[in-house]
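# Examining the three-dimensional arrangement
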Amino acid sequence: MAAKILIVDDDANVQRLLQYTLKQEGYDVVNAADGAEGFQLWGTEAPDLILLDVLLPKLDGYQVATKIRGEEGSASHVPIIMLTAEREVEQKVRGLRAGADDYLIKPFHPAELLARIKSLLARFAPRDVLLARPPMGRVLALYGAKGGVGTTTIAINAAIALHRELGRKVCLVDGNLQFGDHRVFLDLGLDRKSIVDIVTAPSMDAELIRQVLVKHDSGVDLLLAPPSPESADLVRSEHLPMIADHQRPKYDYVVIDVDKRLDDVNLGVFEAAEAVFVVMTADLSCLKNVRLILETMSHLGYPTGKTQLVLNRSNAFTGINVKNAEGALKRTIDHQVVNEYRGAISALNSGAPFMFTKADSVLGGSLLQFARALDKQAAVPAPAGISAR
Ligand SMILES: Nc1ncnc2c1ncn2[C@@H]1O[C@H](COP(=O)(O)OP(=O)(O)OP(=O)(O)O)[C@@H](O)[C@H]1O
Ligand SMILES: [Mg+2]
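On a predicted model such as this, the values are computed, not experimentally measured, just so you know.

### Quick notes on the overall build of the chain
Scanning the chain from N- to C-terminus turns up 17 helices and 13 strands. Rg of the C-alpha trace for the chain: 22 Å, near the compact-globule value of 21 Å for 389 residues, within the 12% margin. Expressed along its principal axes, the backbone C-alpha trace of the chain runs to roughly 70 × 50 × 35 Å. Expressed as a percentage of the 389 residues in the chain, the buried residues total 39%. Here the analysis covers contacts within the chain between residues at least 6 apart in sequence; of these, 73% occur between residues at least 24 apart.

The following block contains the structure:
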């Protein structure tokens, strides 16, 4: 059966052009000339995808997207592509926040529109497949060999790539208990619930954890760190492994961003994790730390392969190249992420992760490659139509 696409645009010429392009490709098309009609046709026509203009009479595109997202249940999700004349990042972010899955800046090439439609239909169509199979339940720890090497950047963007690009269900935990900064990276206020609400409750269960999780616009579920350093001590070494055990049956991946301390809390996380990704950069103090970490992991009896090395900013000039680093460590670097300071810092400062708003950037591509590599380590095949992207 052909997929049905709802076009919401008040410009008759644009409508005609879109309709022609889509019909040529064999799609069924329904048209709405304003936001209110678009919202109403979403209800009566149940389209498989919506092309939504931003500037519309009656309800604008953001309002329509917000209304649809407010009304559709958690089991359904109609993909929305926002059509915008604006070039500014804020406009794109606003569209994505309102619930759009993608955006296109006018004028765009029909081939680009068709490619985006195909990829979104592929991403959302396999929901039944996703729901039908049991979650993979893999716990992954990301651990910085040193402060500031990019552990949080990689944890957040890999989590988003696993969910949005590879169709996995992901829970991201900020395990940097004193100075966790997922709130900053994801533009969330201190009023959001955190791990403190779980560990101070009389008992821990799956329902309590569900209520504390924060849903990010990307679709990743977040467990935030304590809002202040003083409350970090409330989290004891047994808590994160217990939370991980509760989350395993519900998620494909529980990704935990841990800080650089080798204390009981972090050792508990390493014990609970299937794999520990040690994030490093190519400098001497990092290499010294990585060597010590690898020794510790081997004393703990972890199999080789459980600890994997991620070289961040791999192509930055430091005087130590990948070969030198591998030689010094006497082992291979398992993953590399490229250096792109502007992309990384502007995403951080705008609270909009690049994997969410600029997945097609160089940094986005590099993180997707990392996410693909770690997803390959799991035995379960990716949902149909997704791995080919
Ligand atoms: N691949 C990259 N290319 C360029 N800059 C990067 C890259 N990854 C991270 N950065 C930058 O490095 C800085 C530190 O990143 P981040 O906060 O993710 O590191 P961290 O290891 O989690 O730090 P902390 O020890 O504070 O938890 C940020 O300014 C970030 O934008
Ligand atoms: Mg960090």
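There is more to say after this.
### A closer look at the sheet that holds strand 3 (residues 49–53)
The five strands are arranged 2-1-3-4-5 in an open sheet whose pairing can be described as parallel. For this open sheet the edge positions go to strand 2 (28–32) and strand 5 (102–105), each flanked by a neighbour on one side alone. For this sheet, the mean angle separating the axes of adjacent strands, direction not counted, is 20 degrees. Against the sheet, helix 1 (residues 12–24) makes contact with strand 1 (4–8), strand 2 and strand 3, and its axis sits at roughly 165 degrees relative to strand 2, the strand it touches most. Packing of helix 3 (residues 61–71) onto the sheet brings it into contact with strand 1, strand 3 and strand 4 (80–84), and relative to strand 3 it is tilted by some 150 degrees.

### Side note on helix 11 (residues 239–247)
Listed in full, the buried residues belonging to helix 11 are L240, I243, A244 and Q247. The buried residues of helix 11 occupy one face: seen down the axis, they fall within an arc of 100 degrees.

### Side note on helix 2 (residues 35–45)
Every buried residue of helix 2 is listed here: G35, G38, F39 and W42. Here the buried residues of helix 2 occupy an arc of 100 degrees about the axis, which is enough to place them on one side. Summarising the geometry of helix 2, the exposed residues directed more than 90 degrees from the buried face are Q40 and T44. Looking at the packing, one finds that the buried side of helix 2 touches strand 1, strand 2, strand 3 and helix 3. Looking one or two residues beyond helix 2, the residue adopting positive phi is A46, at roughly 45 degrees.

### As for unusual backbone geometry
The linkage connecting K106 with the following residue, P107, adopts the cis geometry, with an omega of -5 degrees. Structurally, P107 is set in the loop between strand 5 and helix 5 (110–124). Positive phi outside glycine occurs at A46, with the angle close to 45 degrees. Inspection of the secondary structure assignment puts A46 in the loop between helix 2 and strand 3. A positive phi angle, close to 55 degrees, is found at R313, a residue other than glycine. Along the chain, R313 turns up in the loop between strand 12 (307–312) and helix 14 (322–329). Among the residues examined, R313 registers 21 C-beta atoms within 10 Å and is labelled buried.

### Topic: the environment of L348
Note on placement: L348 falls in helix 15 (residues 341–350). Along the primary structure L348 and L166 are separated by 182 residues, whereas in three dimensions their C-alpha atoms are 23 Å apart.

### So, the domain arrangement of the chain
Each domain of the chain was delimited in the assignment, giving domain 1 (4–125) and domain 2 (134–376). Listed per partner, the contact involves six residues of domain 1 and six residues of domain 2. Residue contributions to the side of domain 1 that touches domain 2 peak at five residues, all from helix 4 (residues 89–98). Each residue belonging to the side of domain 1 that touches domain 2 can be placed in one class, and the counts come to three nonpolar, no polar and three charged.

### Let's talk about the site of ligand 1
Taken together, 20 residues are adjacent to ligand 1, and G147, G150, T152, T153 and A344 come closest. Residues that form the shell around ligand 1 fall into these classes: seven nonpolar, ten polar and three charged.

### Concerning the nonpolar core
Counting residues in hydrophobic clusters, the biggest one holds 100 residues, and the most contacted among them are L52, A141, V255 and V278. When residues in this core are grouped by element, the largest group, eight residues, is from helix 7 (residues 151–165). The residue makeup of this core includes at least three contributed by each of domain 1 (4–125) and domain 2 (134–376). Not counting the four nearest positions on each side in its chain, V278 is found in contact with Y143, A145, V290, I293, T307, L309 and V310.

### Observations regarding the confidence of the model for the chain
For the chain, mean pLDDT is 91; residues scoring 70 or higher make up 93% of the total. Ignoring residues within four places in sequence, the model shows residues 127–131, a span with pLDDT below 50, making four contacts including any to other chains. Between residues 384–389, whose pLDDT stays under 50, and residues either more than four places distant or in other chains, the model counts 14 contacts.

### Here we look at the environment of L142
Here L142 lies in strand 6 (residues 138–144). For the pair L142 and A65, spaced 77 residues apart in sequence, the C-alpha to C-alpha distance is 34 Å.

Cut-offs and rules
Residues numbered from 1 in each chain as written. Chains lettered and ligands numbered in written order. Predicted model: local features only at pLDDT ≥ 70, side-chain atom pairs only at ≥ 80, totals over all residues. Helix = DSSP H or I, 4+ residues; strand = E, 2+ residues; numbered from the N terminus. Rg over C-alpha atoms; globule rule 2.2 N^0.38 Å. Buried ≥ 20, exposed ≤ 12 C-beta atoms within 10 Å, placed from the backbone. Contact = placed C-beta atoms within 7 Å. Pairing = 2+ DSSP bridges. Axes fitted to C-alpha atoms, helices over the stretch in contact; angles between N-to-C directions. Arc of directions from axis to C-beta. Domains from an automatic or database assignment. Nonpolar A, V, L, I, M, F, W, Y, C, P; charged D, E, K, R; others polar. Near = placed C-beta within 6 Å. Core = buried A, V, L, I, M, F, W, Y, C linked by C-beta atoms within 7 Å. pLDDT = per-residue confidence, 0-100.

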